[in-house]
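Listed below are the residues making up each chain.
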Amino acid sequence: MKKTLIAFAAVLAASAAVAQTADTLKKIKDSGSITLGVRESSGLSYTIGNGKFVGFHTEMAERVIADIRKQLGMNALEVKYQPVTSQNRIPLVQNGTVDLECGSTTNNATRQKDVSFAMTTYVEEVRIAVKANSGISSIAQLAGKKVATTTGTTSVQTLRKHERAASVNFEEVFGKDHADSFLLLESGRADAFVMDGSILAANIAKSKNPADYKIVGEVLSVEPIACMLRKDDTAFKKAVDDSIKGQIKNGSLAKLYDKWFMQPIPPANAKVGLPLSEATKSAWANPNDKPMEDYAAKK
C-alpha cells in the first residue's frame, strides 16, 4: 500500500510539473528569461562559434521573443540559447528545458501528438546532394551507393517511400548532425546526402569548394517547417503566431529571408542562393499550422 501511495504521489508530482511548464508566458515573466532551442548546423539555424547562433529561423525567433517581451510588459528578457539535435529536440521541449525551438523541424501528424507547432514559416523540399563529378542525377542512380542522412531525421524514410525508389537498394550511413552528414559526403564515405534542401544548400555554401557539389534529383517530399512549443499552451502559441503573422504582414520576414538566403552570410560570407519558393510564399499568404500530411494530400 505504501509503495502504491508513493508511486501515486510521483505521478501527481510529474503531472504538476507538466502543468506548471505548460503556462510558458507565466514561466517567462516569473523567471525573466526564455530558452530558445537552436541548431548548430541547420540551414535555418546554425552557430558561428563562441556561443553565437544565427540564421533565418534564429533571427525570426528573436523577433518573436521581442514581441513577447512587449506583450508581457517587461523591460528586459534574457534569451538563453540551447543547442538541440534531431534526437533530443522534442523531449527538451516536452520537459520544459526549451520553451521555443526554432531550428528546422518538420511539422507532422506524429509529432503533433507530443508537441505543438507555430505557423509554418518555411516550406522545405527534401532533395539529394552529391559531388558534382559523381554522375548521379536521380534516385535510380543511388542503386548500390551509400546515402548519408542525419540520425533522428525522416529523410531516408521519405526517400524509401518515394515511388521511384521502390527497386533501388542503397546503404544508409548516419551522421550525428547535419555537419557530420555533409562530412560523410565530403570525405567520400557517402555518395549522396539526403536532407532538406536548405540544409544541403547551406552546407554546400559553407564548404571549402562549393562548386564541387550540386543538388540533384526529384523532390522527395514537401514539408512545412515551423517553430515547436509545448502542447496545449494556447496563450503562448497565440503570442508566437501573432508575432509571425505580424512579421509576414509588415514584410520583415521576407527581408529576413533575403538576408539569409540571397545575400552573403557568415562565417564564410558565401551566398546560399535559394530563392523564396512558391510553396513558402503560399504558406505566408495563408498562415496555418497544418502538418506535412496535408501537403502530401494536395499532390
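Fair warning: this is a prediction, and the values are worked out from it, not measured in the lab.

K.L.:
How should I be thinking about the environment of Phe261 in this particular structure?
P.N.:
Along the polypeptide, Phe261 turns up in helix α10 (residues 252-261). Taking relative accessible area as the criterion, Phe261 reaches 1% and is therefore assigned buried. In this structure the C-alpha to C-alpha distance between Phe261 and Ser198, which are 63 residues apart in sequence, comes to 8.7 Å. The residues contacting Phe261, other than those within four sequence positions of it, are Gly43, Leu44, Phe56, Tyr122, Ser198, Val272, Gly273 and Leu274.

K.L.:
Looking at this structure, I do not really get empty space enclosed by the protein. What am I missing?
P.N.:
Left-over empty space is what a probe sized like a water molecule reveals as it rolls over the atoms. Within the structure shown, the criterion is met by 2 cavities of 30 Å³ or more. Surrounding the largest cavity, 15 residues form its lining, Arg89, Ser104, Thr106, Thr153 and Asp196 being those nearest its centre. Across the lining of the largest cavity, the residue classes break down as 2 nonpolar, 8 polar and 5 charged. Reported here for the second largest cavity is a volume of approximately 40 Å³. Residues that form the lining of the second largest cavity fall into these classes: 8 nonpolar, 1 polar and 1 charged.

K.L.:
Mind showing me how you'd approach the packing of aromatic side chains here?
P.N.:
The geometry of an aromatic ring pair is captured by the separation of the ring centres together with the interplanar angle, meaning the angle of the planes. Evaluated as defined, the whole model comprises 8 aromatic pairs. Aromatic side chains Tyr46 and Trp260 sit 6.3 Å apart centroid to centroid with 85° between the ring planes, which places their arrangement in the edge-to-face category. A residue pair is termed long-range when its members are at least 10 positions apart, and Tyr46 in strand β2 (residues 46-49) and Trp260 in helix α10 qualify at 214 residues. Considered together, Tyr46 and Trp260 belong to a single accessibility category, that of buried residues.

K.L.:
Explain the sheet that holds strand β5 (residues 100-101) to me, please; I cannot follow it from the model alone.
P.N.:
The pairing of strands in a sheet comes from backbone hydrogen bonds and takes either a parallel or an antiparallel form. Pairing is mixed across the open sheet formed by 5 strands, whose spatial order is β4-β1-β5-β12-β6. Where the open sheet ends on each side, the last strands, each with one partner, are β4 (78-83) and β6 (115-117). Pairing between strand β1 (residues 33-38) and β5: 2 bridges, direction parallel. Looking across to β5, one finds that Gly37 is bridged to Glu101.

K.L.:
Whenever I open this one, helix α2 (residues 24-31) confuses me. Can you help?
P.N.:
Three or four residues apart is the spacing at which side chains of an α-helix point the same way, because the helix has 3.6 residues per turn. Taken residue by residue, α2 has Thr24, Leu25 and Ile28 as its buried positions. What you see down the axis of α2 is that its buried residues fit within an arc of 105°, all on one side. Positioned one or two residues after α2, Gly32 has a phi angle of 75°, which is positive.

K.L.:
Before we go on, may I ask you to explain the sheet that holds strand β7 (residues 122-131) in this structure?
P.N.:
Reading across the sheet, the 5 strands line up as β9-β8-β10-β7-β11 and stay open at both edges, with mixed pairing between neighbours. Two strands in the sheet have a free side with no partner beyond their single neighbour: β9 (171-175) and β11 (213-225). Between one strand axis and the next, the sheet turns through 25° on average, direction left out of account. For strand β8 (residues 146-150) and strand β10 (residues 192-196), the ladder comprises 2 bridges, and the chain directions are parallel. Within β10, the position partnered with Val147 by the bridge is Ala192.

About the thresholds
- Residues numbered from 1 in each chain as written.
- Predicted model: local features only at pLDDT ≥ 70, side-chain atom pairs only at ≥ 80, totals over all residues.
- Heavy atoms only, no water.
- Helix = DSSP H or I, 4+ residues; strand = E, 2+ residues; numbered from the N terminus.
- Buried < 20%, exposed > 50% of the residue type's maximum accessible area, 1.4 Å probe, protein only.
- Contact = heavy atoms within 4.5 Å.
- 1 Å grid on protein atoms, 1.4 Å probe; cavity = no way out; pocket = protein on both sides within 12 Å on 5 of 7 lines; lining within 4 Å.
- Points joined across faces, edges and corners; volume = space filled by probe spheres on them.
- Nonpolar A, V, L, I, M, F, W, Y, C, P; charged D, E, K, R; others polar.
- Phe/Tyr/Trp six-rings, centres within 6.5 Å; stacked < 30°, edge-to-face > 60°.
- Pairing = 2+ DSSP bridges.
- Arc of directions from axis to C-beta.
- Axes fitted to C-alpha atoms, helices over the stretch in contact; angles between N-to-C directions.

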